[in-house]
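Here is how the chains run, residue by residue.
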Amino acid sequence: MVEWIMMCVTTTSYSLCVNGNVHGYFKGKRGLRQGDPLSPYLFTLVMEILTCILQQAARIDKSFKFHNKCEKQRIIILCFADDLFLFARGDIRSVQCLLTSLSNFTNMSGLVPSIPKSTGFFCNVPSHVKNHILSIMPFVEGSLPVKYLGVPLISSGLLYKDCKILVERLDQRISNWKNKLLSFAGRLQLVNSVLSSMHVFWSSVFILPSRIILDLEAKMHNFLWSSDGLFHKGKAKASWKSICVPKYEGGLGIRRIGDVNKALMISHIWSILVKRESLWVEWVHSYRLKGHSFWTCKAVATTCCSWRKLLQLRPLIRSYIWSNLGNGSNTSAWFDWWSHLGPLGNFLTPRIISNAGFSIKSTVQDIRDNGSWRWPEAWRDSYPVLIQLDNIQLDPSRSDKLLWNDGNDLDDYSSSRAWHSIRERAEEVDWTKLVWFNQCNPKHAFFMCWLAARASSKSAINYISRLIVAASIYFVWQERNARIFKNQTRPPDVLSDLIVQTVRYKLMGVKFKESSNVRRLLEAWGIHSSRMEDDGG
């Protein structure tokens, strides 16, 4: 494996492309270029060595202390691409351990930290200790909050000024389009495909402030209804609320930013509930939940704002999280939704549960014994609804599984399904298939109408009438585009001649059944009657 890697690194060569033609090659003297497909894999292998060096140093050097709430997962280093975060307690011995490990890694790999791009951050560190650390550490001191992967790392609430860059990027993108002559359909497509996706990365990390959401949607609204895009507010033909629903509900399919933001954040809650294999999920269970149910975790004021925002989403999604019972070992008996009664903790208080000899952390398996429930008979008298649970059976061969319950069916979770469940609904309309259909493109309208006419028409007159309507729609649409985008105009008689000629050509390719009425119709269009089938029709 090492020989293969070294062969790839030491035998690189490059060619030059001039005017579309490749000319010669020259040998690379410094290994792989930054954009080489092999570079990320090599970087991961090398960073794994650095991680091992730091972990070994932390085990050997007993004076090293982990950063606050990093000891259980032994978090010392986090890296993404070529950005590294090193964590340690703010004392001199711990920092010296990090610097020694970096020096050993440099001697081993030849990689040297970029001093001008490296920064040290301190929090709640005494001034004399910080000054001593800065004297032995070659990095400059930075100030919090710091940006990482394009988003600010802050523990306080996200403010408008922190997200203002989203509004500025949207303004810049719209200003690039403002001088272009775009139709309403073109602007709608840009809103759905471009503007609606610019906030997705931030929305998947933070709950955006309401003011930011209002500003973003206001700019999208103005761009949609105004031909000038940025500087002139267009006159809306319908309310923003009515168009931000799917097409089958009478809208234009635009998704509200607030709903998308909540759906993306629900993905993090789902990861916590299913205990996805993730360092962050493991950390949350260790330091935030501490063995308790997510549904009963208290929103302490001293915790970070992002965690409190996640907890505030619990009432919104509580009824959608369904636990499909298997052996019952991973389902909370009191706080998970595993029966049609809802969580039993809604009417069984912690005092009642404890007095019956159960634990707050009990699972469904813990309160089930030999096919019957272990709770006291007095509960059945006090809470008769518990009798409805007698027919529930556990399956020891199958594990519990969380599913998303949108009221109609149970299915695996997805952000799209969560958005569909929490969004504001409207009544479905019966005209949606007449306006929106597959391959809905005006230049295909003539062909689609022609196929529909050919498939459904039993009368030659009806068939020809539909053919005329389809041809008229197509050429009127074509003329409209030519006048708007090319400043070209054709006289009405030319358009009528094109329509008649196109319909005639289509009729020449169709075989009709033999009849006197059909013969007269074809003769009126100047078509010989040999195009008819002689089957007695």
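Up top you'll find the structure we're talking about.
Remember, predicted model here, so these are calculated numbers, not experimental data.

Definitions and cut-offs
Each residue is numbered by its place in its chain's sequence as written, counting from 1. Only residues with pLDDT of at least 70 are given local features in this predicted model, and only at 80 or more are side-chain atom pairs given and counted; all residues enter the totals for whole chains, interfaces and linings. Remark: hydrogens and water are excluded; side-chain values derive from all non-hydrogen atoms of the structure. Both cavities and pockets are sets of points on a 1 Å grid over the protein atoms alone; in a cavity a 1.4 Å probe fits but cannot get out, in a pocket the set is open with protein on both sides within 12 Å along at least five of seven lines, and lining residues sit with an atom within 4 Å of a point. Grid points are joined across faces, edges and corners, and a volume is the space filled by probe spheres set on the points. Strands are runs of DSSP state E lasting at least two residues, helices are runs of H or I lasting at least four, and both sets are numbered from the N terminus onward. Residue type decides the class: Asp, Glu, Lys and Arg count as charged, Ala, Val, Leu, Ile, Met, Phe, Trp, Tyr, Cys and Pro as nonpolar, and the leftover types, Gly among them, as polar. Exposure categories follow from relative accessible area, calculated using a 1.4 Å probe and restricted to protein chains: below 20% of the type maximum is buried, above 50% is exposed, and the middle band is partly exposed. Contacts are residue-level and defined by heavy atoms, with any inter-residue pair within 4.5 Å sufficient. Should DSSP find at least two bridges between two strands, the strands are regarded as paired.

Asks: So what exactly am I meant to see when it comes to the layout of surface pockets here?
Replies: The method is simple in principle: a probe with the dimensions of a water molecule rolls over the atoms, and the space it marks as empty is what remains. Computed from the structure, the second largest pocket encloses a volume of approximately 630 Å³. In this structure, the second largest pocket is lined by 26 residues; those nearest its centre are Leu-273, Lys-275, Asn-330, Ser-332 and Asp-336. With 3 residues, the top contributor of residues to the lining of the second largest pocket is helix 10 (residues 257-274). A per-class count over the lining of the second largest pocket returns 10 nonpolar, 11 polar and 5 charged.

Asks: Sorry, what's going on with the environment of Trp-373 here?
Replies: Among the structural elements, Trp-373 can be located in strand 11 (residues 372-373). Its relative accessible area of 10% is what places Trp-373 among the buried residues. When the C-alpha atoms of Trp-373 and Ile-392 are compared, they prove to be 9.8 Å apart, with 19 residues separating the residues in sequence. Residues within four places of Trp-373 in sequence aside, it is in contact with Trp-338, Val-364, Ile-367, Arg-368, Leu-389, Asp-390 and Ile-392.

Asks: What exactly am I supposed to notice about empty space enclosed by the protein here?
Replies: Applying the stated rule across the entire model yields 2 cavities of 30 Å³ or more. Considered as a void within the structure, the largest cavity measures approximately 40 Å³ in volume. The wall of the largest cavity is formed by Leu-166, Leu-170, Leu-195, Met-198, His-199, Leu-216, Met-220 and Ile-257. Broken down by secondary-structure element, the contributors of at least two residues to the lining of the largest cavity are helix 5 (160-177) and helix 8 (210-225).

Asks: Explain the pairing of strand 12 (residues 401-405) to me, please; I cannot follow it from the model alone.
Replies: Each regular strand carries side chains that alternate between the two faces of the sheet. Bridge count between strand 9 (residues 321-324) and strand 12: 4 bridges; the pairing is antiparallel. By the bridge assignment for strand 12, Ser-323 is matched with Leu-402. Note that strand 12 and strand 13 (residues 410-411) share 2 bridges and pair antiparallel. Within strand 13, the position partnered with Trp-404 by the bridge is Asp-411. In this antiparallel pair of consecutive strands, strand 12 and strand 13, the connection spans 4 residues, and Gly-407 shows a positive phi of 100°.

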